[in-house]
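Inside the fold
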Amino acid sequence: MLDNLSLFFQYPSLAADVIVNGLLIGAIFALAAYGMALVWGVLNIVNVVQGELVVLGGYVTFLAVQAGLPPLLGFPLSAAVMFCVGWFIYRAIIFRVVDKDIFISILATFGLSILFQQLANAVFGSDVRTVDAGLGSLHLFDGTVTLSYVKLLAFLLALGAGLTLWLFLRHARLGQAIRATAQNPRAARILGIDTNRVYAMTYALNGALCGAAGSLAVMAWTIHPYIGLPYTVRSFMVVVVAGVGNVAGVVAAGLGLGALENVAGFVFGVEFQIAFVFGLMVVILVWRNAMAARKRSYLE
Amino acid sequence: MNRLFALRLNDWQIAAVLAFLGLAGPFLLPGLATQIAFLWLMVVFALTWDMLGGRMGYNSFGNIVFFGIGCYAAAVVQRDAGVGYFEGLGLGLLVGACLAVLAAVVFGAAMLGIRGHYFAIGTLGLGIAAGEIAAGWDYVGAGSGMALPLYPGELGQREIFFCYSLFALAAICFLLFRWIYSTRFGLALNAIRDDHDKADAMGLRTTPIKIFAWALSALFLGISGGLAANMIGFIDPRDVAFAGATFGVWMVLMAILGGKGTLWGPVLGAFVFHVTQELFWTYLLGWQRVALGLLIVVIVVFFPQGIMGWLAERRARALS
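Residues numbered from 1 in each chain as written. Chains lettered and ligands numbered in written order. Predicted model: local features only at pLDDT ≥ 70, side-chain atom pairs only at ≥ 80, totals over all residues.

**Details of the overall build of chain A**
When its secondary structure is counted, chain A shows 12 helices and two strands. Its helices and strands in sequence order give chain A the pattern α-α-α-α-α-β-β-α-α-α-α-α-α-α, from N to C terminus. Relative to the 2.2 N^0.38 estimate, which gives 19 Å for 300 residues, the radius of gyration of chain A is 20 Å and therefore close to what a compact globule would have. Summarising its shape, the C-alpha atoms of chain A cover approximately 65 × 60 × 40 Å along the three principal directions. Taking all 300 residues of chain A together, 50% fall into the buried category. (Helix = DSSP H or I, 4+ residues; strand = E, 2+ residues; numbered from the N terminus. Rg over C-alpha atoms; globule rule 2.2 N^0.38 Å. Buried ≥ 20, exposed ≤ 12 C-beta atoms within 10 Å, placed from the backbone.)

**Focus on the overall build of chain B**
Within chain B, the secondary structure is distributed over 15 helices and two strands. A globule of 320 residues ought to have a C-alpha radius of gyration of about 20 Å, and chain B, at 20 Å, matches this closely. Summarising its shape, the C-alpha atoms of chain B cover approximately 65 × 50 × 35 Å along the three principal directions. Counting all 320 residues of chain B, 52% fall into the buried class.

**Let's talk about the interface of chain A and chain B**
Taken together, the contacts link 33 residues of chain A with 32 residues of chain B. Listing elements by their share of the side of chain A that touches chain B, those giving two or more residues are helix 4 (74–97), helix 5 (102–124), helix 10 (228–242) and helix 12 (273–299) of chain A. Sorting elements by how many residues they give to the side of chain A that touches chain B places helix 5 of chain A first, with 14 residues. Classifying every residue of the side of chain A that touches chain B gives 27 nonpolar, four polar and two charged. (Contact = placed C-beta atoms within 7 Å. Nonpolar A, V, L, I, M, F, W, Y, C, P; charged D, E, K, R; others polar.)

**Quick look at the packing of helix 4 of chain A against helix 5 of chain A**
All names here are of chain A. Close contact between helix 4 and helix 5 brings their axes to 9 Å; oriented N to C, the two are set at 155 degrees. Looking at the two axes, helix 4 sits roughly antiparallel to helix 5. Note on element contacts: helix 5 touches helix 4 through I104, S105, A108 and L112, opposite I89, I93 and V97. Split by residue class, the contact of helix 4 with helix 5 holds six nonpolar, one polar and no charged. (Axes fitted to C-alpha atoms, helices over the stretch in contact; angles between N-to-C directions. Parallel < 35°, antiparallel > 145°, perpendicular 65-115°, else oblique.)

**With respect to the environment of B:V252**
You can see B:V252 is positioned in helix 12 (residues 244–258). Sequence separation of B:V252 and B:A218 is 34 residues, and the distance between their C-alpha atoms is 15 Å.

**Brief notes about helix 3 (residues 33–56) of chain B**
Residues and elements named next belong to chain B. The end-to-end C-alpha separation of helix 3 is 34 Å, in line with the 34 Å expected for 24 residues at 1.5 Å each. Where helix 3 bends most, the angle comes to about 45 degrees, and this point is D50. Counting buried positions along helix 3 yields 22 of 24 residues, so the element is predominantly enclosed. With its phi angle positive at about 75 degrees, G57 sits one or two positions after the end of helix 3. (Expected span 1.5 Å × (residues − 1). Bend = angle between axes of the 7 residues up to and from the residue.)

**Observations concerning the confidence of the model for chain B**
All names here are of chain B. Averaged over all residues, the pLDDT of chain B is 85; the fraction at 70 or higher stands at 97%. Helix 10 (residues 206–232) holds the highest mean pLDDT among the elements of chain B, 91, whereas helix 1 (residues 2–6) holds the lowest, 44. This stretch, residues 1–7, has a pLDDT under 50; its non-local contacts, to residues over four places away or in other chains, come to seven contacts. Scoring the predicted complex yields pTM 0.87 and, for the interface, ipTM 0.83. (pLDDT = per-residue confidence, 0-100.)

**Here we look at the packing of helix 13 (residues 265–283) of chain B against helix 15 (residues 306–319) of chain B**
Residues and elements named next belong to chain B. Contact geometry of helix 13 with helix 15 gives a least axis separation of 8 Å together with a crossing angle of 115 degrees. One way to sum up the angle between helix 13 and helix 15 is to call them roughly perpendicular. Side by side, helix 13 and helix 15 meet where G265, L268, G269 and V272 of the first sit next to G306, I307 and M308 of the second.

**Overview of the environment of B:R158**
Residue and element names in this part refer to chain B. Tracing the sequence through the fold places R158 in helix 7 (residues 157–181). By C-beta crowding, R158 is classed as partly exposed, having 19 other C-beta atoms within 10 Å. Separated by 29 residues in sequence, R158 and A129 have C-alpha atoms that sit 32 Å apart. Excluding anything up to four places from it in sequence, R158 contacts Y151 and G153.

**So, unusual backbone geometry**
Residue and element names in this part refer to chain A. Of note in this structure, N44 is not a glycine but carries a positive phi near 55 degrees. Secondary-structure assignment places N44 in the loop between helix 2 (12–43) and helix 3 (50–66). Judged by C-beta crowding, with 15 C-beta atoms within 10 Å, N44 ranks as partly exposed.

**Considerations on the environment of A:G160**
The topology assignment puts A:G160 in helix 6 (residues 149–171). Along the sequence, A:G160 and A:L31 sit 129 residues apart, while their C-alpha atoms lie 9.8 Å from each other.

This is the structure we're talking about:
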């Protein structure tokens, strides 16, 4: 472990390689986290099934490629399919828990998460899947820093999708309705907004974001049925750090998390990377709570 | 029909039936001894979860950590202590219980200040992080898990031994918790659940109370972990010891199914859930985990008040 750490500081190009690759992956986390922030802010639900939606999106691209479609077409396709899945999940389950105790919605989405995880395992098998986008790699600094074009593309597409949604929320009529509902659902209803439809659209948009993230994840990285929960926890962490209504913060925290996680995976070993993700979340929550307690004691 | 729901079973009658099942069950139904042992394990799971989730309002998804610590502590002690089976088991349970309580105090001091859904997700992370660390740690067998020593007695004796051990544990747990809920401490737990800030303002020392409650849950979970590990004979870091997606969720589900915050709810929930789960395993081979996921969603969405809550509603309607 210490060997890896000293290696990391001795060879700056190696460090750059690890960090830049982490940042690129981080864009995918930011995309999923953006969706979680949206659902959290509008529906007041912590969507534990988030990661499974990402994984399902990845499987959509995987199946599309198996069927002979070009991998990059998988990106819009995953987003479209997961939009519908999100809509369906809202209509079937989420609308029943949306105004209930927040623990009920956590447990319900956790149940959905287990359901989808096991369903993916039963249907697609537990193998690790990936899709070769066939784009090659970019070598910098005599080949010490390797950037695959697909990761770069994933980075740009993730940011592009995030930006599109942000513009949509700013300027489109429905986007404004979504923001109004987030601010005050009762007032929004009085002013003639069909909040139930807004909730459904929000959840469906979240599904589309997850689907897009999953499609990028399967091209730039790998997926398997049990990788969903780490994506949920990453999204949760990013939203907790950045705040619910802070798009720039979500992007920055997502990229930072990607870099940090890649460095941790390098230093501690890849087998501890998931443990690092979950441990980091616990540390962030404890730290956040300690900061809040300090603030309270100032007030006294 | 109305009288049926107005009828209130005496606690002692239920206790007598359960005691009969616990004491005579393994002899009358030796083929089911393992299932009955698992049933008592589930009762311990539900009761210990309910102390925080039902009585204190802290919904933890990470109680499985203490179970896993118990599993691993027993396995390591029995591997390294170099004493006979039962001495090793006793020592392992003791070490497991102490470590679990210690972990509860440490985690509790850090995490019990976190409220609401942050606590729920935080503890979920705790459970999974523990499993991942165990799966990467060579001293405890890393991803391939640990095998426990063989039970020295005759074939079939092992199930009966652990069946009685777990029954005793579940019974002690139930009686102790029943007494605790009748004391001032039990009222303090409910006060924390109902309004944490007011409980603080009334002068309750909430932090020590919360830590003590979690440590008490951890004590029973740690012991049950050591017993369960020996009964199963093998621990896998993610599928047995820190099985967040099975045992970890079942704890929550059983307490909710029975009716959280009630005396008999967790026990009842454990019975109903365990039987359902065994049926799934028998008749839905290959799809049982999918069915369980569906069951969680259905129970939580359509039946959040639990069996006891439903009975109370029916009784109130029958009486009015």
